[in-house]
There are 2 protein chains.
Amino acid sequence: MLRNKTCGELRIEDCGQEVTLCGWLQKSRDLGSMTFIDLRDRYGITQLVCNVETNKALYEQAKTLGREYVLRVKGIVRERSNKNKNIATGDIEIEVSEIEVLNPSDLPPFTIEDNTDGGDELRMKYRYLDLRRSVVRKNLELRHRLAQLVRNYLSNENFLEIETPFLIKSTPEGARDFVVPSRMNPNQFYALPQSPQQYKQLLMVSGFDRYFQIVKCFRDEDLRADRQPEFTQIDCEMSFVQQEDVLNMFEGLIKHLFEKEKNLHFGKFQRMTWHDAMKYYGSDKPDLRFDMQFVELDDVAKGKGFKVFDDAELVVGICAKGCAEYTRKQLDALTDFVKRPQVGAKGLVYIKYNEDGTLKSSVDKFYSQQDLMLFAQKFAAQKGDLMLVMSGKAMQVRTQLCALRLEMGSQLNLRDPFNYAITWVTDFPLLEWNEEDNRFYAMHHPFTAPNPEDYPELLDKDPGKVRAWAYDLVINGTEVGGGSVRIHNRDMQMRMFEALGFTQQEALSQFGFLMDAFRYGAPPHAGVAFGFDRLCSIFAGCDSIRDFIAFPKNNSGRDLMSDSPNFIDQKQLDELYLSLVPTEKK
Amino acid sequence: MLRNKTCGELRIEDCGQEVTLCGWLQKSRDLGSMTFIDLRDRYGITQLVCNVETNKALYEQAKTLGREYVLRVKGIVRERSNKNKNIATGDIEIEVSEIEVLNPSDLPPFTIEDNTDGGDELRMKYRYLDLRRSVVRKNLELRHRLAQLVRNYLSNENFLEIETPFLIKSTPEGARDFVVPSRMNPNQFYALPQSPQQYKQLLMVSGFDRYFQIVKCFRDEDLRADRQPEFTQIDCEMSFVQQEDVLNMFEGLIKHLFEKEKNLHFGKFQRMTWHDAMKYYGSDKPDLRFDMQFVELDDVAKGKGFKVFDDAELVVGICAKGCAEYTRKQLDALTDFVKRPQVGAKGLVYIKYNEDGTLKSSVDKFYSQQDLMLFAQKFAAQKGDLMLVMSGKAMQVRTQLCALRLEMGSQLNLRDPFNYAITWVTDFPLLEWNEEDNRFYAMHHPFTAPNPEDYPELLDKDPGKVRAWAYDLVINGTEVGGGSVRIHNRDMQMRMFEALGFTQQEALSQFGFLMDAFRYGAPPHAGVAFGFDRLCSIFAGCDSIRDFIAFPKNNSGRDLMSDSPNFIDQKQLDELYLSLVPTEKK
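Values in this document were obtained by computation on a predicted structure and should not be read as measured data.

Novice: How should the overall build of chain A be read in this particular structure?
Specialist: On a plain count of helices and strands, chain A comes out with 17 helices and 23 strands. Taking the principal axes of its C-alpha atoms as reference, chain A extends roughly 90 × 75 × 55 Å. A burial count over chain A gives 59% of its 586 residues as buried. If you take every contact in chain A between residues at least 6 apart in sequence, the share linking residues at least 24 apart comes to 65%. Per element, the accessible surface of chain A, about 24000 Å² overall, is 46% carbon and sulfur.

Novice: Explanation requested: the relation of the copies chain A and chain B in the structure shown.
Specialist: Relating one copy of the chain to the other takes a rotation about an axis and a shift parallel to that axis. Superposition record for chain A on chain B: RMSD 0.0 Å, screw rotation 180°, translation along axis 0.0 Å. Expressed as an axis order, the relation between the two copies is that of a two-fold axis.

Novice: Looking at this structure, how should I read the pairing of strand β3 (residues 44–51) of chain B?
Specialist: Across a regular strand the side chains alternate sides, sitting on one face of the sheet and then on the other. Residues and elements named next belong to chain B. Most of β3 sits out of view: 6 of its 8 residues are buried. Bridge count between strand β2 (residues 34–41) and β3: 8 bridges; the pairing is antiparallel. What sits directly across from Thr35, in β3, is Cys50. Linking β2 back to β3 in an antiparallel pair, the connection comprises 2 residues.

Novice: Please explain the packing of aromatic side chains as it appears in this structure.
Specialist: Pairs of aromatic rings are described using the distance from one ring centre to the other and the angle between the two planes. Scanning the model with the defined rule gives 54 aromatic pairs over all chains in all. Between Phe258 of chain A and Phe266 of chain A, the aromatic rings sit 5.0 Å apart at their centres with planes inclined by 65°, giving edge-to-face as the arrangement. With a centroid separation of 6.4 Å and 50° between ring planes, the pair formed by Phe309 of chain B and Tyr367 of chain B is classed as tilted. Of the two residues, Phe309 of chain B is situated in helix α9 (residues 307–311) and Tyr367 of chain B in the loop between β15 (359–361) and α11 (369–379); the sequence distance between them amounts to 58 residues. Of the two residues, Phe309 of chain B and Tyr367 of chain B, both sit in the buried class.

Novice: When you look at the pattern of salt bridges in this model, what are you seeing that I'm missing?
Specialist: Two side chains with opposite charge may pair up if their charged atoms get near one another. Overall, the coordinates contain 106 salt bridges over all chains when judged by the stated rule. Asp332 of chain A serves as the salt-bridge partner of Arg328 of chain A, at 3.4 Å between the closest nitrogen and oxygen. With Arg328 of chain A and Asp332 of chain A both in helix α10 (residues 328–339) and 4 residues apart, this pair spans about one turn of that helix. Residue class for Arg328 of chain A comes out exposed when judged on its relative accessible area of 55%. Residue classification places Asp332 of chain A among the partly exposed residues on the basis of a relative accessible area of 33%. One salt bridge in this structure joins Glu575 of chain A and Arg176 of chain B, with 2.8 Å as the shortest N-O distance. You can see Glu575 of chain A sitting in helix α17 (residues 570–575) and its partner Arg176 of chain B sitting in the loop between β6 (160–161) and β7 (179–181), one on each of two chains.

Novice: Could you clarify how one ought to interpret the sheet that holds strand β4 (residues 70–79) of chain B in this entry?
Specialist: Backbone-to-backbone hydrogen bonds pair the strands of a sheet. The strands run either parallel or antiparallel. Residue and element names in this part refer to chain B. The strand order β1-β2-β3-β5-β4 describes a closed barrel built from 5 strands, whose pairing is mixed. The average angle at which neighbouring strand axes cross in this sheet is 55°, direction not considered. Seen against the sheet, helix α1 (residues 56–63) touches β1 (18–30), β2, β3 and β5 (92–103) and runs at an angle of roughly 65° to β5.

Novice: Would you explain the sheet that holds strand β12 (residues 295–296) of chain A in this entry?
Specialist: Residues and elements named next belong to chain A. Overall, antiparallel pairing links the 5 strands, which are arranged β12-β13-β16-β14-β15 in an open sheet. The two strands at the open ends of the sheet, each matched to only one other strand, are β12 and β15 (359–361). Bridge count for strand β14 (residues 349–353) against β15 is 3 bridges, and the pairing is antiparallel. Counterpart to Ile351 in the pairing with β15 is Ser361.

Novice: How should the environment of Lys27 of chain A be read in this particular structure?
Specialist: Residues and elements named next belong to chain A. Mapping Lys27 onto the fold places it in strand β1 (residues 18–30). Between the C-alpha atom of Lys27 and that of Tyr69, which follows or precedes it by 42 residues, the distance is 9.8 Å. Filtering out sequence-adjacent residues up to four positions away, Lys27 remains in contact with Phe36, Ile37 and Asp38.

Novice: Even after reading the chapter, I still don't get the domain arrangement of chain A, so can you show me in this structure?
Specialist: Where the parts come together, the accessible area they lose is often given as the size of the interface. For chain A, the assigned domains are domain 1 (12–103), domain 2 (137–272 + 421–549) and domain 3 (290–411). For domain 2 of chain A and domain 3 of chain A, the distance between their C-alpha centres works out to 38 Å.

Novice: How should the side chain of Thr423 of chain B be read in this particular structure?
Specialist: Turning to its location among the elements, Thr423 of chain B is positioned in strand β17 (residues 422–426). Judged by its relative accessible area of 0%, Thr423 of chain B falls in the buried class.

Novice: Please clarify how the environment of Gly23 of chain A should be interpreted in this entry.
Specialist: Tracing the backbone shows Gly23 of chain A in strand β1. Put simply, Gly23 of chain A and Phe250 of chain A are 227 residues apart on the chain and 41 Å apart in space, counted from C-alpha to C-alpha. The residues contacting Gly23 of chain A, other than those within four sequence positions of it, are Leu39, Arg40, Tyr69, Val70 and Leu71 of chain A together with Phe240 of chain B.

Novice: Which parts of the structure should I look at to understand the pairing of strand β22 (residues 525–531) of chain A?
Specialist: Residues and elements named next belong to chain A. Of all 7 residues in β22, 6 are buried, a share of seventy percent or more. Of the strand pairs in this sheet, strand β10 (residues 230–239) and β22 are connected by 7 bridges, and their pairing is antiparallel. Within β22, the position partnered with Asp235 by the bridge is Ala529.

Novice: So what exactly am I meant to see when it comes to the interface of chain A and chain B here?
Specialist: Taken together, the contacts link 131 residues of chain A with 131 residues of chain B. Here chain A meets chain B over a buried area of about 11600 Å², counting both sides, of which 57% is carbon and sulfur. The tally of links from chain A across to chain B stands at 14 salt bridges. In terms of residue class, the side of chain A that touches chain B is made up of 68 nonpolar, 30 polar and 33 charged.

Novice: I tried to follow unusual backbone geometry on my own but got confused; where do I start?
Specialist: A negative phi holds for most residues other than glycine; trans holds for most peptide bonds. All names here are of chain B. Cis geometry marks the peptide bond from Tyr455 to Pro456; its omega dihedral reads 5°. Counting through the fold element by element, Pro456 comes out in the loop between β19 (439–442) and α13 (457–461). Going from Ser564 to Pro565, the amide bond is cis rather than trans, its omega being 5°. Its place among the elements puts Pro565 in the loop between α16 (532–539) and α17 (570–575). Positive phi values are uncommon outside glycine, yet Asp209 reaches one of about 70°. Its location among the elements puts Asp209 in the loop between α5 (197–205) and β9 (210–218). Note on Asp209: relative accessible area 1%, which makes it buried. Even without glycine at this site, Ala380 takes up a positive phi of about 50°.

Novice: How do you make sense of the state of the cysteines when you look at a structure like this?
Specialist: By definition, a disulfide links the sulfur atoms of two cysteines through a covalent bond. Residue and element names in this part refer to chain B. For the coordinates displayed, the defined rule picks out 0 disulfides over all chains. With no disulfide of its own, Cys323 has Cys319 as its nearest cysteine by sulfur position, at a separation of 8.6 Å. Looking at Cys323, the relative accessible area reads 2%, which means it is buried. Looking at Cys542, it has no disulfide partner, and the nearest cysteine sulfur is the one in Cys536, 11 Å off.

Novice: Any chance you could explain the side chain of Arg42 of chain A here in plain terms?
Specialist: As for its placement among the helices and strands, Arg42 of chain A is situated in the loop between β2 (34–41) and β3 (44–51). A polar contact of 3.2 Å, which involves the side chain of Arg42 of chain A, links it to the side chain of Tyr43 of chain A. A distance of 2.7 Å separates a polar atom in the side chain of Arg42 of chain A from the backbone oxygen of Asn158 of chain B. If near-sequence neighbours (up to four positions away) are discounted, Arg42 of chain A is found in contact with Arg137 and Glu141 of chain A together with Asn158, Leu160, Gly207, Phe208, Asp209 and Arg210 of chain B.

Novice: In this structure, what is going on with helix α7 (residues 274–281) of chain B? I would like to understand it.
Specialist: Each α-helix turn comprises 3.6 residues. Residues three or four places apart therefore point the same way. All names here are of chain B. Looking only at α7, the buried set comprises Trp274, Ala277, Met278 and Tyr281. For α7, the buried positions fall inside an angular range of 105° around the axis, keeping them on one side. Residues of α7 that are buried in the fold lie against β11 (270–273), α12 (394–411) and β17.

Novice: Before we go on, may I ask you to explain the packing of helix α4 (residues 134–156) of chain A against helix α16 (residues 532–539) of chain A in this structure?
Specialist: In a packed pair of helices, the relevant descriptors are the angle between the two axes and the axis-to-axis distance. All names here are of chain A. One can describe the packing of α4 onto α16 by two numbers: an axis separation of 10 Å at closest approach and a directional angle of 115°. Viewed along their axes, α4 and α16 form a crossing whose handedness is right-handed. Between α4, through Leu142, Arg143, Leu146 and Ala147, and α16, the contact on the second element is made entirely by Phe532, Asp533, Cys536 and Phe539. Broken down by class, the residue content of the contact of α4 with α16 amounts to 6 nonpolar, no polar and 2 charged.

Criteria and thresholds
Residues numbered from 1 in each chain as written. Chains lettered and ligands numbered in written order. Predicted model: local features only at pLDDT ≥ 70, side-chain atom pairs only at ≥ 80, totals over all residues. Heavy atoms only, no water. Helix = DSSP H or I, 4+ residues; strand = E, 2+ residues; numbered from the N terminus. Buried < 20%, exposed > 50% of the residue type's maximum accessible area, 1.4 Å probe, protein only. Contact = heavy atoms within 4.5 Å. Areas by Shrake-Rupley, 256 points an atom, 1.4 Å probe, with all protein chains shown as cover. Least-squares fit on C-alpha atoms with pLDDT ≥ 70 in both. Pairing = 2+ DSSP bridges. Phe/Tyr/Trp six-rings, centres within 6.5 Å; stacked < 30°, edge-to-face > 60°. Salt bridge = Lys/Arg side-chain N within 4 Å of Asp/Glu carboxyl O. Axes fitted to C-alpha atoms, helices over the stretch in contact; angles between N-to-C directions. Domains from an automatic or database assignment. Buried area = accessible area lost by both parts, 1.4 Å probe. Nonpolar A, V, L, I, M, F, W, Y, C, P; charged D, E, K, R; others polar. Disulfide = S-S within 2.5 Å. Polar contact = N/O pair within 3.5 Å; in protein donor to acceptor, adjacent residues only side chain to side chain. Arc of directions from axis to C-beta. Left-handed = near helix turned anticlockwise from the far one by under 90°.

Structure below.
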């Protein structure tokens, strides 16, 4: 080894030792008679001292060293006179006897500091320098720890980690595949997996009974902010289980991670049906760090001549505790907020429950004090509270009110990222109607089992009402994972494809091998997949997943560092029997 | 859970317990008054008994159940009268009270037995059934255990597992890339990584200092037997180290795996230079389970009028202990063996050292008994030994003799797959001349550092002689892993690209981001990658890697189960701005 100690480990009790350290020059200060250098590696920072009196040549050499030079340094550990309580090595410094420059460095394009001066684009282009910043490095260290915790937990529970293929068959159902042309099978393509769904089900058919994998998945979607074309899942499947068993097993996993990583201990996770999540929070991923449940107000709001409410399918609101003092300006801002195209509401009605007991609303023309008191009672509002009411088509207004609820939660500082509110959301609908395509789509995926209470009767009568044995894990308003009990019966699976508008031939050509497998003794099975990038970001209390990925892509799917994707040689295209269609021709 | 016990865990002390098991019907025997069923799951086999006297309906039901039916069974654990010592549950059986058919099964296309009647192709098509066979299942269980051992060992050594991207930049150097067309960047392509080489080097530049990953890699090569287009590497890199440190670290890893998995303990691994490996074994991956070193014979073979030897660049042979009794037929077979096109030799000379002290050779015309005795002395041959001698161009004849040596090793049963002979091969040449392209290629890859004793002088004078700081780990004649000290200096890297015939512009357009990174303080670093599929097969004493991969592809890169690759929709092609070139047109 070129070193015998790291820059993070020396302490007061090491004083007097001769050590050799390697690292990067974080910064240096020349005080005229001494040069102080902060030497940085992955483990910490250690202060070096070069004294003009004891070693003039070394002192002169030290003055020539620039930021991010890679150094190998020999010296004696000494107690610092001026201790630094902020770093673990702050009690000591190294009295340097020898400095070897392992590699010089150009001046980096941005500062390697927690608060860097580099913009997003610049840091993406020089990602290898951005990764030197301790804030980014710590994210990847967290990710490493979580990955090992997951594997060891699941291995102890008899799960086998089994690698599924990356070059698989393309199926038009679901999101768009990335495809890979095959040279040996000209004009044919592999697809990169959107998830190992069918393979893990086949492993259950094979009798592997408990499978997991931390695995890259791929989706060629138009990237919204914080979506990546390649992302990582903790992918799991179990046989001979029911929904309850899966929820318990993976609740155990998530609790284990919180205990080991954050020393946080949770009781049994909350459970909420999809129906209740929509009704009380307007979202299938409710943020339960704060209450502020929806209250439905049709009976007190309608019939008073206010046409907006009278004509609405649903009148619904939330009560913001202690916000009756909101100014006109603040209230206008809230109205503007719900009217933004991202929320899309027509307007917002407020009712203040003033400290003096009076009620003041934006619709006083239609509602008397007594009428408004009925609202207040519905909300169980108290003096000082602010009621915010919206109306419209039921599902639409719920989604809009959800945005307002989250905004109020933020304004009231009720969304601390380190206060973890966890819930399972269960009983998702099996199918979701798509207006555009005029057909049902599977809400999770076509392999999800219907709740036997609703199947087969309701599937014929009212398909949209059929509940699935499907579940999501939601932390702080973010879907962290989800899964379902799978269909393991061939006839039921065919019936499901039919409900999704597949002809039998289409179903067999796309999913024939899974359908075949169901002929040969498929066990009951169920599974779950967690978004690992997202899980890491939540553990770190961050919103963006990008900084939990070593080399992420930007919103156009480009890697700015390697300038990829890029053009390839004509020879490569020829070998693949492909030709490019000029983009202007389309 | 649908079960409370598995089919592998019940023992004599569990007798009297009521249990519920789930599994597959392995086989059933109707003895007229009783039906015995072997119920199988991942954990083992348990015998079920249905007795016509105690439960006629159940007995009748049991008769209707076919092979591979999925059953859920309730019953009482009883001691068996007729114990089966071959299985762990052989002391007990289940007196069944209830059988639920969880899923019936068609008759499987081959038997689910260790010695199946299914051919390769059929088992590939129904891979999910092949995976039910315990011989295949155990391979994947071994793979799981090795993966966890690797991760825990390296994590304890402060290595961080960091995921590198799968959608990267295509570079024409090296093997052929699989490419992935980008829809959002029309006419441009990603490549799938042949290895994370450049990314792991960037992680070293980032200061991550110890990195590993168990990761899929991709190579679009014409598949020889036992090559897969996607394969798995244990990929590792370290900073602030020299070659010796890397060898020690990963020797530690391999020893750990042998200790934990097989309770085998090794001393320090042998080391051999590439030069010696070629000289004494004719291969850079010598099989050291047996000795039979090459002996060079120019001084005793030449000058006796035998033109074949006289004209040869090298005369070289091996001594097969105790084989002087080989018959004419056996010797002819050896000659045929070396003349096969795969070996390509012109012929083979033998010298028998008979038990009576006489020497008998196929070239007695040219060599006297005294001459032949000089051969015997060179070989340190004893009475009863057989000397086999070949000649030709030095490197060619060595390779040919290597094939013969391995064949003799096999004939003499010296190649027990569970007798592990491990060596590091070091000091590989940096460059390899390619006659076809009339240029040098990097023997490992262009990022490998030259030995400073040979650089830069020898690179100018005699590039083929420059030794690299490169090393392979060889077990039983198979290269299990390899790596090198990397170049971390920008000028040296440019010099290397130049030696490989790159213009500066080509080098920068393909590897610019790594070259850029070297400007900003790249530390000295080195690494290694192990072929994980291969490592698993060696631990299991198997030759083929295919059965250590859950869903392998055949030699045309096809997955027979999912019938992939396959054609995709015109719509998908249009979105990618691609059109197919008909294969007949080329």
